[in-house]
Amino acid sequence: MRTFEYQAKEILARYEIPTPRGIVCETAEDAVAAFDALGSAVVVKAQVLAGGRGKAGGIKFAVSKEEARAAAQQLLGTAIAGLPVARVLVEERLQIAAEFYLGVITDTDGYHGCPLLMIGSRGGMEIEDIAREDANAIRRAHIDPRYGIFPHHILSNLAEMSIPRKYHSQIEKVARQLYQAYWDMDGELAEINPLVVTAEDKVVAADARLYVDSNALFRHPELKPNFTNPFEERAAAARLAYVHLDGNIGIIANGAGLAMGTMDMVRLAGGRPANFLDPGERIMHPGGLEAAFGIILDNPNVEVVLFNIFGGGVRCDRIATRLVEVLSGIPDFHLPLVLCLRGRNEEEGQRIIAAFDCKSIKTTSSMEEAVEIAVKLGGE
Ligand code: GDP
Ligand code: MN
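Residues numbered from 1 in each chain as written. Chains lettered and ligands numbered in written order. Predicted model: local features only at pLDDT ≥ 70, side-chain atom pairs only at ≥ 80, totals over all residues. Heavy atoms only, no water.

### Let's talk about the coordination of the manganese ion (ligand 2)
And then number 1: Distances from the manganese ion (ligand 2) to its protein donors, namely Asn-193 (O) and Asp-207 (OD), fall within the range 2.2 to 2.3 Å. One end of the pair, Asn-193, is in strand S10 (residues 187-198); the other, Asp-207, is in the loop between strand S11 (203-205) and strand S12 (209-212), with 14 residues separating them in the sequence. The same class applies to Asn-193 and to Asp-207, which are both buried. (Donors = N, O, S within 2.8 Å, 3.2 Å for Na, K, Ca; no water. Helix = DSSP H or I, 4+ residues; strand = E, 2+ residues; numbered from the N terminus. Buried < 20%, exposed > 50% of the residue type's maximum accessible area, 1.4 Å probe, protein only.)

Rendered as structure tokens:
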């Protein structure tokens, strides 16, 4: 899960990483009050769960109350990277002498998923370009999670970089604390970009990003789930396992393995899944399957629904009965529904669906056939 910049900075501040003084604001009036509290020059930063805000116009400078109000008004009324701005972070403006990069990421590509520390002698908005153009500008060190981070991981790299010596001890401390925050928070990514040196030679985290493993959120009750996608938010509220994708074949399958297998087969057949959805036990609970269909049918990209059931613990006839109840409650159900019903009491399930006599349902007991039909109906 991504956290907002202000959340990430609150956490880093607990680890004694210097951050600018700042106030989270939900209205333009709050931003004016924040300006008064912070001094004569501020930065107004859109709080959205996306990077690249600077380039997208999400970072504004203000040197008067009027400018602070205007900046907040403008940001709170728009979307940055397609995401509505509900809050801005108003911070004291830093006098930046130099910009560096610090990051800890779970390296899922290699090294058995070890944390990877990255230090950049150049940072800021062009970090991807810098990494591509100038291989020497970024140094990397894998950290063995059994032992954690040691000063040499940082200092030996700094010694070979073009970062002035007088900043090394401050950067070393920030990097160690960043690693500790990443570790304690069950992080997938903890990043400071830019890590700046101010005119007073102080090293400060001007921006911060923290991604927390969603499966570990129960260990951090102070963090409420943040969503970037309204469908995923609805699914979480209904306690359905759901991932939003950009295809046109809506998929419901009972069991995460079957749902992933269904998505793989759709892809192999040339189709594009609109989502992953495993209702789990909620399939038989009141409202569970209704919520699943509600989310899929409200997705404007969905052109066909593929409902793949293996009757194991829950018998096919019971699921078929549930499906008939749900569909009967959707008066304008118009999309083609491909139903694959296999497993315990399969024949009884098929009979229930046949008796329902709904023109838009195509039933089969072969997963291959169901996928083939769905992909054809999806038009690809
Ligand atoms: P991002 O584009 O979403 O990564 O947003 P950042 O918070 O990194 O801000 C983008 C850029 O704005 C930074 O790289 C800085 O160059 C600049 N910036 C951010 N805060 C300040 C500040 O307090 N003072 C100055 N001079 N520049 C800032
Ligand atoms: Mn940044």
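### Remarks on the packing of aromatic side chains
And then number 1: Under the criterion given, the structure shown has six aromatic pairs.
And then number 2: Both rings, one in Phe-4 and one in Tyr-6, keep their centres 5.8 Å apart while their planes meet at 15 degrees; by these two values the pair is stacked. Assigned by exposure class, Phe-4 and Tyr-6 land together as buried.
And then number 3: Between the aromatic rings of Phe-100 and Tyr-167, the centroid separation amounts to 6.4 Å while the plane-to-plane angle is 55 degrees, which identifies the pairing as tilted. Of this pair, Phe-100 sits in strand S7 (residues 96-106) while Tyr-167 is found in the loop between helix H5 (151-159) and helix H6 (168-184), placing the two residues 67 residues apart along the sequence.
And then number 4: Among the residues examined, Tyr-167 registers a relative accessible area of 8% and is labelled buried.
And then number 5: Each residue in the set Tyr-179, Tyr-182 and Trp-183 is aromatic and connected to the rest through ring pairs, giving one cluster. (Phe/Tyr/Trp six-rings, centres within 6.5 Å; stacked < 30°, edge-to-face > 60°.)

### Here we look at the side chain of Asn-229
And then number 1: Relative to the helices and strands, Asn-229 is located in the loop between S12 and helix H7 (230-237).
And then number 2: Within the structure, the side chain of Asn-229 is placed 2.8 Å from the backbone nitrogen of Phe-231, a separation counted as a polar contact. (Polar contact = N/O pair within 3.5 Å; in protein donor to acceptor, adjacent residues only side chain to side chain.)

### Side note on empty space enclosed by the protein
And then number 1: Under the criterion given, the structure shown has one cavity of 30 Å³ or more.
And then number 2: Reported here for the largest cavity is a volume of approximately 30 Å³.
And then number 3: Surrounding the largest cavity, Ala-8, Leu-12, Leu-178, Ala-190, Glu-191, Arg-209 and Leu-210 form its lining.
And then number 4: Of the residues contributing to the lining of the largest cavity, the split by class is five nonpolar, no polar and two charged. (1 Å grid on protein atoms, 1.4 Å probe; cavity = no way out; pocket = protein on both sides within 12 Å on 5 of 7 lines; lining within 4 Å. Points joined across faces, edges and corners; volume = space filled by probe spheres on them. Nonpolar A, V, L, I, M, F, W, Y, C, P; charged D, E, K, R; others polar.)

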